[in-house]
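# Per-entry structural report
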Amino acid sequence: MKRQVQLLDEKAINRAITRIAHEILEKNKGARDVVLVGIKTRGVPLANRLAEKIKMIEGGEVSVGILDITLYRDDLTKEQMDPIIHGSNIEADINNKIVILVDDVLYTGRTTRAALDALVDIGRPMIIQLAVLIDRGHRELPIRADYVGKNVPTSKDEIIKVQLEEIDGDNIVIIEGE
């Protein structure tokens, strides 16, 4: 039987997003040249939430884009060779901008690598940073997040499940394991 432990509830997720928003503003001296790009699927609502927090703090709008990395993944199995492509939607010009990739969980780094490949096919940012809600370790590539909501040491057998209201109808982060 799998055990489930709640890591973050709705209030803790909101606190993490608020802290990350402040860290983004501090590190980049405001939000003037910042473009948030959410990695599908759960990175998109997180990017939108960050944009709202930054707007509340700073008063200005931050552009948010959507990045679909399906075709850039190196871990598709034979059963997944005909993936459903939803497409990226980044309306803001990312050239010479501070682009912050936003995702829910950082694990091996392969999703981030795919996102970097997809992003440079769209434009040439001045800087690319990474914001994640959960960093669980176990990197296979030399990638680290610039902004982390919570570091959660895990075993490779455990699973982190992020549920967000916009997609799942709830705001919670759970770890599942044996």
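Description of the structure in this document. Throughout this description, residue numbers start from 1 for each chain and increase along the sequence as written. For this predicted model, a pLDDT threshold of at least 70 governs which residues receive local features, and a threshold of 80 or more governs which side-chain atom pairs are given and counted, while totals over whole chains, interfaces and linings are taken from all residues. Side-chain metrics in this entry use all non-hydrogen atoms of the structure; hydrogen atoms and water are not considered.

Time to look at the pairing of strand S7 (residues 159-163). Note on strand geometry: in a regular strand, side chains alternate between the two faces of the sheet. With a 1.4 Å probe rolled over the protein chains alone, any residue whose accessible area is under 20% of its type maximum counts as buried; one over 50% counts as exposed, and the rest are partly exposed. Think of it this way: any DSSP run of H or I at least four residues long counts as a helix, any run of E at least two long counts as a strand, and we number them from the N terminus. Across the two faces of S7 the burial differs, with Ile160 and Val162 buried and Ile159, Lys161 and Gln163 not buried at all. Should DSSP find at least two bridges between two strands, the strands are taken to pair. Direction of pairing for S7 relative to strand S8 (residues 172-177): antiparallel, over a ladder of five bridges. Across the sheet, the residue bridging to Val162 is Val173, located in S8.

Take the nonpolar core next. Of all hydrophobic cores here, the largest spans 32 residues; its most connected members are Leu36, Ile100, Leu133 and Ile134. Here this core takes eight residues from helix H1 (residues 10-27), the largest share from any one element. Contact between two residues is taken to exist if any of their heavy atoms lie within 4.5 Å; hydrogens are not considered. Apart from the residues within four sequence positions on either side, Leu133 is in contact with Leu8, Ile13, Ala16, Leu46, Asp103, Asp104, Gly149, Lys150, Val162 and Val173. We call a set of buried Ala, Val, Leu, Ile, Met, Phe, Trp, Tyr and Cys residues a nonpolar core when their side-chain atoms join them within 4.5 Å. Core analysis: the second largest hydrophobic core is formed by 19 residues, Ile39, Ile69, Ala114 and Ala115 among them.

A few words on the layout of surface pockets. Estimated volume of the largest pocket: approximately 450 Å³. Any residue with an atom within 4 Å of a point lines the site, the site being either a cavity, points on a 1 Å grid over the protein atoms alone where a 1.4 Å probe fits but cannot get out, or a pocket, an open set with protein on both sides within 12 Å along at least 5 of 7 lines. Lining the largest pocket are 21 residues, with Arg73, Asp103, Asp104, Val105 and Thr111 sitting closest to its centre. Every element with two or more residues in the lining of the largest pocket is listed here: strand S4 (98-106), helix H3 (110-122) and S7. For the lining of the largest pocket, the per-class residue count stands at seven nonpolar, five polar and nine charged. Grid points are joined across faces, edges and corners, and a volume is the space filled by probe spheres set on the points. Each residue is assigned to one class: nonpolar for Ala, Val, Leu, Ile, Met, Phe, Trp, Tyr, Cys and Pro, charged for Asp, Glu, Lys and Arg, and polar for all the others, Gly among them.

The axes are straight lines fitted to the C-alpha atoms, using for helices just the contacting stretch, and the angles between their N-to-C directions are given from 0 to 180°. Contact geometry for H1 and helix H2 (residues 43-58): axes closest at 9 Å, N-to-C directions at 60°. The hand of the H1/H2 crossing is right-handed. Residue-level contacts link Ile13, Asn14, Ile17, Thr18, Ile20, Ala21, His22, Ile24 and Leu25 of H1 to Leu46, Arg49, Leu50, Lys53, Ile54, Ile57 and Glu58 of H2. When its residues are assigned to classes, the contact of H1 with H2 shows ten nonpolar, three polar and three charged. Each crossing gets its hand from how the near helix is turned against the far one by less than a right angle, where anticlockwise is left-handed and clockwise is right-handed.

Now for the pattern of salt bridges. By salt bridge we mean one thing: a side-chain nitrogen of Lys or Arg within 4 Å of a carboxyl oxygen of Asp or Glu. Tallied over the full model, the rule gives twelve salt bridges. Asp168 is the partner of Arg42 in a salt bridge, and the nearest nitrogen-oxygen pair spans 2.8 Å. Taken together, the positions of Arg42 in the loop between strand S2 (34-39) and H2 and Asp168 in helix H4 (residues 165-168) put the pair 126 residues apart, joining distant regions of the chain. Glu140 is the salt-bridge partner of Arg110, the closest N and O atoms lying 2.6 Å from each other. With Arg110 in helix H3 and Glu140 in the loop between strand S5 (127-135) and strand S6 (147-151), this pair connects stretches of sequence that are 30 residues apart. When its relative accessible area of 26% is taken as the criterion, Arg110 is described as partly exposed. Glu140 gets classed as partly exposed once you look at its relative accessible area, which sits at 43%. Ionic contacts of the salt-bridge type, sharing partners, join the residues Lys27, Arg144 and Asp146 into one network.

Turning to the sheet that holds S8, a few remarks are in order. The strand order across the open sheet built from three strands is S1-S8-S7, with neighbouring strands paired in antiparallel fashion. Of all strands in the sheet, those with a lone pairing partner are strand S1 (3-8) and S7, marking the two edges. In this sheet, adjacent strand axes meet at a mean angle of 25° when their direction is disregarded.

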